[in-house]
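# Analysis of the macromolecular model
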Amino acid sequence: MDAKDIKNLEEYKGAKCIGVFDDVPYFIDASGCAFSRETVLRYNPFRSMAILDIFDVLDERDLPADIKAAYDKAVRERDTQDAEYIETLHSMGVKTLTEETATEKAARKSRTA
């Protein structure tokens, strides 16, 4: 998968590439979906080309250290610099991951654990 293919996926799927690790691109959601704020997507060329089926959905808590670091950096950038994303979440009454307090994060993580 080359840079043009990654850019097309970003535009089509509302995702943002956080890096390519072992020749596999990883993405975070940048569409403004309140339920996908912490979702990590790994491109899987062996899956169908349906809307979301081309990605494996991963739990950010289980990522290797290098991918987790890229994820953390990309989330901070998305949550502080992507005005459209921030506005979309705020219009639904949802905070970005970066805006959540430690207590809110702990409560969310305990619900999803």
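Above this text you will find the structure in question.
What comes next concerns the included structure. (Residues numbered from 1 in each chain as written. Predicted model: local features only at pLDDT ≥ 70, side-chain atom pairs only at ≥ 80, totals over all residues. Heavy atoms only, no water.)

Every buried residue of helix H3 (residues 83-91) is listed here: Tyr85, Ile86 and Leu89. For H3, the angular spread of the buried residues around the axis is 95°, confining them to a single face. Turned more than 90 degrees off the buried face of H3, the exposed positions are Ala83, Glu84, Glu87 and Ser91. Tucked into the core, H3 has its buried residues touching strand E2 (24-29) and helix H2 (65-81). In the segment just after H3, Gly93 is the residue with positive phi, at about 80°. (Buried < 20%, exposed > 50% of the residue type's maximum accessible area, 1.4 Å probe, protein only. Helix = DSSP H or I, 4+ residues; strand = E, 2+ residues; numbered from the N terminus. Arc of directions from axis to C-beta. Contact = heavy atoms within 4.5 Å.)

What the four strands build is an open sheet, ordered E1-E2-E3-E4; its pairing is antiparallel. In the strand order of this sheet, the two ends are held by strand E1 (15-21) and strand E4 (55-58), each with one partner. On average, each strand axis in the sheet is inclined to that of its neighbour by 30°, with strand direction left out of account. Here E2 runs beside strand E3 (residues 40-43); their pairing, made up of three bridges, is antiparallel. Within E3, the residue paired with Phe27 across the bridge is Leu41. On the sheet, H2 packs against E1, E2 and E3 and is oriented at approximately 155° with respect to E1. (Pairing = 2+ DSSP bridges. Axes fitted to C-alpha atoms, helices over the stretch in contact; angles between N-to-C directions.)

Within the secondary structure layout, Asp79 lies in helix H2. Since its relative accessible area comes to 3%, Asp79 is described here as buried. Side-chain polar atoms of Asp79 contact the backbone nitrogen of Thr98, separated by 2.9 Å. In contact with Asp79, other than residues within four places in its own chain, are Tyr85, Ile86, Thr96, Leu97 and Thr98. (Polar contact = N/O pair within 3.5 Å; in protein donor to acceptor, adjacent residues only side chain to side chain.)

Positionally, Asp53 belongs in the loop between E3 and E4. Sequence separation of Asp53 and Tyr43 is 10 residues, and the distance between their C-alpha atoms is 9.3 Å.

To continue, consider the packing of aromatic side chains. The tally for this structure, following the rule as stated, stands at two aromatic pairs. Measuring from ring centre to ring centre gives 5.6 Å for Phe21 and Tyr26, while their planes differ by 75°; the resulting arrangement is edge-to-face. Each ring, one from Phe27 and one from Phe55, has its centre 5.3 Å from the other, and the planes form 65°; the classification is edge-to-face. Placement of Phe27 in strand E2 and of Phe55 in strand E4 is noted, with a sequence separation of 28 residues between them. (Phe/Tyr/Trp six-rings, centres within 6.5 Å; stacked < 30°, edge-to-face > 60°.)

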